Structures are given as C-alpha cells and as structure tokens.
Amino acid sequence: MFPFKTSIKFDRECNQALYLQLSNQIIQLIKNQTLAPNTKLPGSRTLAEQLDVHRKTIVACYDELLLQGWVESIPKKGTFVHSSLPVLEQQKLDNAVVSDLKNNTGFSFYKYPILPKKAPKKDRTIMYLNDGVSDGRLTPIDEIARTYRRVCSKKNVFDHLSYGSTYGNDTLRDVLVDYLNTTRGLHITKDNVLITRGSQMGIWLSSQLLFQKDDIVVVGNTNYGAADATFLNQHAKLERVMVDEHGLSTRDIENLCKRQQIKAVYVTSHHHHPTTVTLCAERRIRLLNLAKQYNFAIIEDDYDYDFNYNHAPILPLASHDNNGNVVYIGSVCKTVAPVFRIGYLIASRDFVDEASKLRGYVDRQGDALLELTFADFIKSGDLDRHIRKVMKIYKQRRDLFCKLLKDELGDFFAFEIPKGGMAVWTKLNPNYSWETISVVARNYKLEIGDWQRYDIEKLNHNCIRIGFATYNEEEIYELINRFKEIFNEIKTK
Ligand SMILES: Cc1ncc(COP(=O)(O)O)c(C=O)c1O
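Residues numbered from 1 in each chain as written. Predicted model: local features only at pLDDT ≥ 70, side-chain atom pairs only at ≥ 80, totals over all residues. Heavy atoms only, no water.

Asks: Hey, could you run me through the overall build of the chain in this one?
Replies: Within the chain, the secondary structure is distributed over 15 helices and 15 strands. Expressed as lengths along the three principal axes of its C-alpha atoms, the size of the chain is roughly 70 × 65 × 60 Å. When the 493 residues of the chain are sorted by exposure, 53% land in the buried category. Restricting to contacts in the chain with at least 6 residues of sequence separation, those with at least 24 account for 74%. Of the charged side chains in the chain, 66 are positive and 60 negative; the average position of the first set lies 1 Å away from that of the second. (Helix = DSSP H or I, 4+ residues; strand = E, 2+ residues; numbered from the N terminus. Buried < 20%, exposed > 50% of the residue type's maximum accessible area, 1.4 Å probe, protein only. Contact = heavy atoms within 4.5 Å. Lys, Arg positive; Asp, Glu negative; His and termini not counted. Charge placed at Lys NZ, Arg CZ, Asp CG, Glu CD.)

Asks: Mind showing me how you'd approach the site of the ligand here?
Replies: The environment of the ligand is formed by 13 residues, the closest being Ser-199, His-273, Asp-301, Ser-331 and Arg-341. Here His-273 contributes a side-chain N or O atom positioned 2.9 Å from an oxygen atom of the ligand. Contact distances for the ligand include 2.7 Å between an oxygen atom and a side-chain N or O atom of Ser-331. For the shell around the ligand, a count of residues per class yields four nonpolar, six polar and three charged. (Near = heavy atom within 4 Å. Polar contact = N/O pair within 3.5 Å; in protein donor to acceptor, adjacent residues only side chain to side chain. Nonpolar A, V, L, I, M, F, W, Y, C, P; charged D, E, K, R; others polar.)

Asks: It is not clear to me how helix H7 (residues 199-210) should be interpreted in this structure. Could you clarify?
Replies: Note on helix geometry: an α-helix contains 3.6 residues per turn, so any two residues three or four positions apart are oriented the same way. The end-to-end C-alpha distance of H7, which contains 12 residues, comes to 16 Å, matching closely the 16 Å that a straight helix rising 1.5 Å per residue would cover. Counting buried residues along H7, 10 of its 12 residues qualify, which places the element largely inside the surrounding structure. When H7 is considered as a whole, its buried residues turn out to be Ser-199, Met-201, Gly-202, Ile-203, Leu-205, Ser-206, Ser-207, Gln-208, Leu-209 and Leu-210. (Expected span 1.5 Å × (residues − 1).)

Asks: Could you clarify how one ought to interpret the sheet that holds strand S12 (residues 413-414) in this entry?
Replies: Each strand in a sheet pairs with its neighbour through backbone hydrogen bonds, running either in the same direction (parallel) or in the opposite one (antiparallel). Judged by pairing direction, the sheet is antiparallel, and its three strands sit side by side in the order S12-S13-S15 without closing on themselves. Looking along the sheet, the strands with just one partner apiece sit at the ends: S12 and strand S15 (463-467). Here five bridges tie strand S13 (residues 423-428) to S15, and the two strands are oriented antiparallel to one another. Paired with Val-424 across the bridge in S15 is Ile-466. The strands that helix H14 (residues 434-441) touches are S12, S13 and S15; relative to S13, the one it contacts most, it runs at about 110°. (Pairing = 2+ DSSP bridges. Axes fitted to C-alpha atoms, helices over the stretch in contact; angles between N-to-C directions.)

Asks: Please clarify how the domain arrangement of the chain should be interpreted in this entry.
Replies: It is common to give the size of an interface as the accessible area that goes away when the parts come together. As assigned here, the chain comprises domain 1 (4-81), domain 2 (127-139 + 384-492) and domain 3 (141-380). Summarising the inter-unit geometry, the C-alpha centres of domain 2 and domain 3 are found 27 Å apart. Each partner contributes to the interface: domain 2 provides 28 residues, whereas domain 3 provides 28 residues. Area buried by domain 2 at its contact with domain 3 is led by Thr-139, Lys-419 and Arg-465, which between them contribute 23% of it. Applying the counting rule to domain 2 against domain 3 returns zero salt bridges. (Domains from an automatic or database assignment. Buried area = accessible area lost by both parts, 1.4 Å probe. Salt bridge = Lys/Arg side-chain N within 4 Å of Asp/Glu carboxyl O.)

Asks: What is the right way to read the nonpolar core from this model?
Replies: Nonpolar side chains in soluble globular proteins tend to be buried together. Grouped together as the largest cluster of nonpolar side chains are 117 residues, with contacts concentrated most on Ile-26, Trp-70, Ile-253, Phe-296, Ile-437 and Phe-483. Among the elements that take part in this core, helix H13 (residues 382-409) stands out by supplying 10 residues, more than any other. Among residues more than four places away in sequence, those in contact with Ile-437 are Leu-428, Tyr-432, Ile-448, Phe-483, Ile-486, Phe-487 and Ile-490. The next biggest cluster of nonpolar side chains, apart from the first, holds 24 residues, and it includes Ala-227, Val-327, Ile-329 and Val-352. (Core = buried A, V, L, I, M, F, W, Y, C linked by side-chain atoms within 4.5 Å.)

Asks: Could you clarify how one ought to interpret the sheet that holds strand S6 (residues 237-244) in this entry?
Replies: With respect to topology, eight strands assemble into an open sheet ordered S4-S11-S10-S9-S8-S5-S6-S7, the strand pairing being mixed. Both outer strands of the open sheet, strand S4 (193-196) and strand S7 (247-248), are each paired with one neighbouring strand and no more. Two strands pair when backbone bridges link them, and S4 and strand S11 (residues 343-346) are joined in this way by four bridges, in the antiparallel orientation. Bridge pairing links Thr-196 to Gly-343 in S11. Across the sheet, helix H11 (residues 349-362) is in contact with S4, strand S10 (326-331) and S11; its angle to S4 comes to roughly 25°.

Asks: Whenever I open this one, the pattern of salt bridges confuses me. Can you help?
Replies: According to the stated counting rule, one finds 24 salt bridges in the structure shown. For the salt bridge of Lys-213 with Asp-214, the shortest nitrogen-to-oxygen distance reads 3.5 Å. The class of Lys-213 is exposed, set by a relative accessible area of 58%. Assessed through its relative accessible area of 41%, Asp-214 is described here as partly exposed. The salt bridge involving Glu-408 is made with Lys-484; its shortest N-O contact spans 2.7 Å. Of this pair, Glu-408 sits in helix H13 while Lys-484 sits in helix H15 (residues 473-492), and the two are 76 residues apart along the sequence. A relative accessible area of 36% places Glu-408 in the partly exposed class. Sharing partners across several salt bridges, the network here consists of Asp-135, Arg-137, Arg-397 and Glu-475.

Asks: What's the story with the pairing of strand S8 (residues 264-267) in this structure? I'm lost.
Replies: Because side chains alternate across S8, one face comprises the buried residues Ala-264 and Tyr-266, and the other comprises Val-265 and Val-267, equally buried. Note that strand S5 (residues 216-221) and S8 share two bridges and pair parallel. Looking at S8, one finds that Val-217 is bridged to Ala-264. Looking at chain direction, S8 and strand S9 (residues 297-301) are connected through four bridges and run parallel. By the bridge assignment, Ala-264 is partnered in S9 with Ala-297. Once you follow S8 into helix H10 (residues 281-294) and on to S9, the crossover reads as right-handed. (Right-handed = clockwise from strand over helix to strand, strands pointing away.)

Asks: For this particular structure, what's the right way to read the layout of surface pockets?
Replies: Rolled over the atoms, a probe sized like a water molecule indicates the empty space that remains. By volume, the second largest pocket amounts to about 1,000 Å³. Asn-15, Gln-16, Thr-183, Asp-384 and Arg-388 are the residues nearest the centre of the second largest pocket, which is lined by 37 residues in total. Every element with two or more residues in the lining of the second largest pocket is listed here: helix H2 (18-31), helix H6 (170-184), helix H12 (368-379) and H13. No other element matches the eight residues that H6 contributes to the lining of the second largest pocket. When grouped by side-chain class, the residues that make up the lining of the second largest pocket number 14 nonpolar, 11 polar and 12 charged. (1 Å grid on protein atoms, 1.4 Å probe; cavity = no way out; pocket = protein on both sides within 12 Å on 5 of 7 lines; lining within 4 Å. Points joined across faces, edges and corners; volume = space filled by probe spheres on them.)

In structure tokens, the structure reads:
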C-alpha cells in the first residue's frame, strides 16, 4: 500500500482548501507514475485516519479527481486510478529556441487581416453581445485603487518611476512564482517568469520566437481567431484538428506528427475558445508525451483558468513539463478586468530570456506601479477573495441564462451548458441565419456584433459565443425577451 501518510503534506496556513491540496498531490503522484493506472486508492475512512483529516475532505478530493478524469469509481470495489491514462514519458530535450527577428525596411506597410478593435458606442439602451467578459461592475476597483495609492505613498516609490526591467517588475515576478506554484502546481522560479501585458502579448511573443515561414502550428477546428491571426501574421501554417467535448483531438495531432514535422500546438486548456470545452486530463498527458516524442512546443493559453463551476481547475500541462516544451500563458484580464493589462508568460529560462529581449522592441517595460499593485493584490489574498465572490455570481448567471435559453428559446438555439468560463457556444437552428438576426436585432436594440468571426474556416456551424457574465439577472431576462421579439418578427415575415 502506498505510504500516503508520509507522502502527502498539507499546508494549513495556505488558503487553498485541504481537499484541493490533496487532489493536486495525488494528481502529481498519478502523473509521475508513483500511482499507476488501476491502482486502488484507500477507502475514504482509512485515508482520513492516515492523514488526520475529516472524511469529507477525502470524499471531496475523490469527487474532484473523478470529475477531472484522473480516477474511476467501480461500484462495490472502490476508487481506482483511471485505467486508460497514458504513461507520461520522461526524456530530456534541448529546449533552446532560436529566435528569428525580422527587419522591415522601405515605406510599404502591412495590412493585417484582423479588424481593429473599436470601443462600442456607449448607448445604455442598447444591449451589446460579447464573447465572454467579466462584469465591470463587479471589479474590485476600490481595493485596487487603495492598493495603488498605498504603493505610490511608499518611500521607495521613486525607485520604480524610471526605466525598469524588460522581464517586468521583480516583486510581481516573485509573487507569481509562489502563486502559480501553489494554485497551478507549477515548479518555477523567477527565471521562468516574464510579465506581459495580458495573454495576447504572450501569444504574440511565442509566435515570434517559434515560427519561421511555413512552420506548422496545430490549432483547433475551430479556434480563437486572434491566435490564428497572430500565427498567420508570422507566416506560420495552420493545421486544424478536431475539437470534441474533451478538447483538441490528440489522435489527430499524433496522425499529423507521423506525416510531417510540426512546430507547435496551441491549446486553450480550460474552456477552449470558442467552444468552451476543457481539455481532459488524459489528453493533457497524451499531448505532453507527443510533444516530447515529436519535439514540438505547446503554447498553453490558460486564459480562463479560474472560473470553473462544476469542478476545480485541472492542473495545467505546464505543471508536469520538465523539458521546457510548454509555454504557459495567463493573465488577470479575464479574472479581474480586461483593462488591467497584467499577464505572464512562463517557460524555460532560455525562452523567457529571448521573449524578454523581444518585448523590449515593442514595449520597453510594463507599468511598474500597476504591477506592484497587483503583486500586493495577489499576495494579500484579495485576488482569491475576488475570484470566490464573482465565481458564485457568474455560476448563478450561467444557470439562469442557460435555463432561459433552453426554456424560452429552445426552438431556436442548441447548446451544451459550459462547465466554466463566461460564454455559451450557441448553435442557431439552421432555418435561421445570424445575418438576418443581426439586422432585425437592431430594431430591438440588440447589437449582435461581428458574428462572422466565429466561422472564418467556413464550416457553416451557425454558432456564436454569447457571453452571460456581464449581465445581471434583470438584464438576462431582458436579453432573452429581446431575442424572443426578434424571432417573433422573423417568423411573421
Ligand atoms: C482564448 C483567449 N486567449 C487570450 C485572450 C486574451 O486575453 P488578454 O486580455 O489577457 O490578452 C482571450 C480573450 O478573450 C481569449 O479568449
């Protein structure tokens, strides 16, 4: 029997729940094969006694492992490490990446395929659909302002007003090391951290460093449009693989690897954009194994790690990457508000060094005062408190929105209830078109926005993302009513 008593360590000072501390440690044991597939886990009573915790902690931990797909429960027999988990292969790779900085000369300039982002007009009578953003009214703006003020009133503030480091503020890098190691099971030091201005900068830097002309990057079918555009802009070639309810198809990726050398896989490990599905535990391991076997990078865009309503977040691929295959990207822009351009790129030291040089070309440094503010905001536990608070609210909004969408508009829309995130991937009944709806919607003061962007691959899936998190209860009812009126008008035409 595995010695859980001596192997599991609880940190009772840290604010992560005990059942999560336990499930994360068991996941690590499964991933490093200390607990092999089919291993029977002790009964909840036995383990509770061994670890000196309440039995409910063990039950909650096993439920969590079950939901994330790490274990299976066999009636009358007990809980077992999932039988079909692939083994995570360990092998050392040279993780140095050669960067290719391009020079543009002459007076021609590029025309980019993506649309410029303009702020929507601020007409309060109009409802604007969005693809999943936080509700600005819930942003802890007072706490952030107070912290900013405190940072500015410190004696040493003057040290931060001059030119700083292209890696970002040192204090925030230190705080992120602790925070990400605790919450995401990473094993990083400051050398692995570059502060960015949001996830998009991380995607761009990775793309610049990784891709030369015609290098292949594997993305989902369909995928986050801004990432596609960023890779294409670097003249990489997109290869699309299927996305089902468990995320990117690792079988399709393996088949691709057998045919040609791929340079990277781009994956949104939680709530794939746009379909909202989460990459399951088994595929995370398979993808890591493939990356090691076929020498490709994984750009892990974990932009939406925090908002999970059915189970705790699944530890990132980066948490078990000993070889530097994974470039892990995240930010507070979804969690707190998009206006705070604070993000991070976590990778091997070599990669971070190059990325840091490169960011200096476009942005000499970040905003040190804001970075210090967020260092304090994270360290004091304010960020976690904020996440806990809004998560409850967003879950209620998701439940209400999905219920009404089904009950009131079920003839027109089909969807799966998203397990996390801020949007529903909504399929319109094929007898209707978004084109017509977006025109009629204006009569009802509803702005559908740029719906075409969800189908640049021309798959004709007739789906768009509808964000629910920005609307309070009253607004959700209002939104559903406006849709009902729109369909009534279209039907009577
Ligand atoms: C999949 C995905 N990645 C990255 C981002 C960009 O996030 P940020 O605001 O941190 O740049 C978004 C924004 O919607 C997103 O949907």
